[in-house]
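# A closer look at the structure
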Amino acid sequence: MSVRVRMAPSPTGFLHIGGVRTFLFNYLYARGRGGECLLRIENTDTSREVAEAVDQIQQSLKWIGIDWDGPVTFQLDSMEPAAAAAKRLVDEDKAYFDEGAIRIRMPREGVTAWDDAVKGRIEVQNSELEDMIIVRSDGRPIYNFANPFEDLQDGITHVIRGDDHVSNTPRQLNVIKALGGTAPVYAHVPNVFGTDGKKLSKRHGAVSVDEFRKSGYLPETLLNFLSLLGWSFDDKTTLMSRDELVERFTLERVGVSPATFDYDKLDWMNGMYLRALEPAAYAQRLVAFLHAEEDPDWPAATIEAAAPLVQEKIVKLGEFGGYAGFLFRPVPPPAELLAGSAPILAAVADGLAPLEPFERSGIEAVLRAAAEALALKPRDAFTPVRVAITGSKVSPGLFESIELLGRDESLARLRAAVALAG
RNA sequence: GCCCCCAUCGACUAGCGGCCCAGGUCGCAGCCCUUUCAAGGCUGUAGCGCGGGUUCGAAUCCCGCUGGGGGCACCA
């Protein structure tokens, strides 16, 4: 039997990162076994909001690197056939009308059980199960009926979903039984929490794929990080590409207890991926990101030139502006950081004015000579220069920054700083 | 209230009866390197929720407790 799974997002706007983690497990499981991965939208209407959300969901999934097979399907489209199936159950006396709604007969004795691919065997006393409404009095099927009905229709072999569906499972199992179908394998993966042990939400930080993208996380980071939430390959491996994940993922190694989303570790990992990029690829991604999220007018050539200066330093592409924004706009230095440093600033300006060629090594020589002449430690001498040039005590390498800024602008900033330093 | 699930360093986890006075990664602290910040290198920090069993031996198995989470809709 070949594997077929489905990802079933609700079209509620943005794609939640916790949901993506669940989809990822579906995706990895199917792809690792040559199976199929379907995308089924669990919509209850066809409003414009839904259409937009569906669009968003697909874009987010594609961006992060999760693809699917066949056309996107919609739960709403199977409402009719599901209702018809419910009527058939009534004809077979497996269900009955109750005040206009249809209820399914649940077994009265014994247990309903299944071997969960993640949690192991789970049993529920049938006495706990009530005859559940499967179709409303207005004719619309209920989720707990429509969902397993569709899984049957779609030939789903493995239902990999969130922990919160565990208690729905015995009901759905009985629906499937009534419909005469074979139950898929169920795998309930643990939830993802925020740092306070509560469901991951906005107040913990970014939660939608879109937010992560806009902050400058790489899709490969998110994919790798998400895979490690509730799953591990072994006791040592942390960094894995999508192909490696596909090859290594198994449901057996999915954990049973909930995981906490650790933003610090995500940042670390993104830094790892960012630094591992070839300089050219890094520059290219940086340009695309900045033009889309920061300022489309920043010259690509300047960004590319600045890329190597920040690659080792920033952990998210969105941090670029904070480090290298001084290359694109004036940055008035805080006067208090320049107090008493007029001599070194002036000496550096005088030294740089005639420098030829205006390059890193020469610039460094000028700065070091100026520091030595004034008997200043490099650290003490360079700080005011850094502040004058970049507007901050924290910046990319000073010499490279000056070279990139160019002689005219550098001298202008240094001389303005001399005036400020008094 | 009833039902189900879960429980290893602050976080993600390895561990599936002896290899563990518990290993890796993030974080944190210190040191080195150093023009700032990072990166990198080194060292360190910290954990099997509690109580009973079973066993020659338990983080690993069983029971109870406590603590989390989820569910009990003509919601999805």
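Residues numbered from 1 in each chain as written. Chains lettered and ligands numbered in written order. Predicted model: local features only at pLDDT ≥ 70, side-chain atom pairs only at ≥ 80, totals over all residues. Heavy atoms only, no water.

## Overview of the overall build of chain A
Of regular secondary structure, chain A possesses 17 helices and twelve strands. For 422 residues, the compact-globule formula gives about 22 Å, and the C-alpha radius of gyration of chain A, at 30 Å, lies well above that figure. Each principal axis of the C-alpha distribution contributes one length, and for chain A these read about 100 × 45 × 35 Å. Burial statistics for chain A: of 422 residues in total, 49% are counted as buried. Partitioning the contacts of chain A with sequence separation of at least 6, the portion at a separation of at least 24 is 74%. (Helix = DSSP H or I, 4+ residues; strand = E, 2+ residues; numbered from the N terminus. Rg over C-alpha atoms; globule rule 2.2 N^0.38 Å. Buried < 20%, exposed > 50% of the residue type's maximum accessible area, 1.4 Å probe, protein only. Contact = heavy atoms within 4.5 Å.)

## Regarding the sheet that holds strand S3 (residues 73-74)
With parallel pairing, three strands are arranged side by side in an open sheet as S1-S2-S3. This sheet does not close on itself; its edge strands, each paired only once, are strand S1 (4-7) and S3. Alignment of S1 against strand S2 (residues 36-41), held across four bridges, turns out to be parallel. Of the residues in S2, the one forming a bridge with Met 7 is Leu 39. Along the sheet, helix H4 (residues 143-153) contacts S1, S2 and S3; its crossing angle with S2, the most-contacted strand, is approximately 145°. (Pairing = 2+ DSSP bridges. Axes fitted to C-alpha atoms, helices over the stretch in contact; angles between N-to-C directions.)

## Regarding the pattern of salt bridges
For the coordinates displayed, the defined rule picks out 29 salt bridges. Linking Glu 150 and Arg 40 is a salt bridge whose minimum nitrogen-to-oxygen distance equals 3.6 Å. Within this pair, whereas Glu 150 is found in helix H4, its partner Arg 40 is found in strand S2, the two being separated by 110 residues in sequence. Across the pair, Arg 40 and Glu 150 agree in class, each one buried. Between Arg 213 and Asp 210 there is a salt bridge, with the nearest N and O atoms lying 2.9 Å from each other. Residue Arg 213 and its partner Asp 210 are both found in helix H6 (residues 209-215); the two are separated by three residues, about one turn of the helix. Look at Arg 213 and you get partly exposed, because its relative accessible area is 27%. For Asp 210, a relative accessible area of 17% corresponds to the buried category. In this structure, a network of salt bridges that share partners links the residues Arg 6, Arg 40, Glu 42, Glu 150, Asp 151 and Asp 154. (Salt bridge = Lys/Arg side-chain N within 4 Å of Asp/Glu carboxyl O.)

## Remarks on the sheet that holds strand S8 (residues 133-135)
Ordered in space as S4-S5-S8, the three strands form an open sheet in which the pairing is antiparallel. If you trace the sheet from one side to the other, it starts and ends with strand S4 (95-98) and S8, each paired once. Ignoring which end each strand starts from, the neighbouring axes of this sheet average 45° apart. As judged from the two bridges shared by strand S5 (residues 101-104) and S8, these two strands associate in the antiparallel manner. Bridge assignment links Arg 103 to a residue of S8, and that residue is Ile 133.

## Section: unusual backbone geometry
With an omega dihedral of -5°, the bond running from Glu 356 to Pro 357 counts as a cis peptide bond. Tracing the sequence through the fold places Pro 357 in the loop between helix H13 (342-352) and helix H14 (360-373). The backbone of Asp 93 shows a phi angle near 65°, a positive value even though the residue is not glycine. Non-glycine residue Glu 99 carries a positive phi angle of around 55°. Structurally, Glu 99 is set in the loop between S4 and S5. Residue classification places Glu 99 among the exposed positions, given a relative accessible area of 78%.

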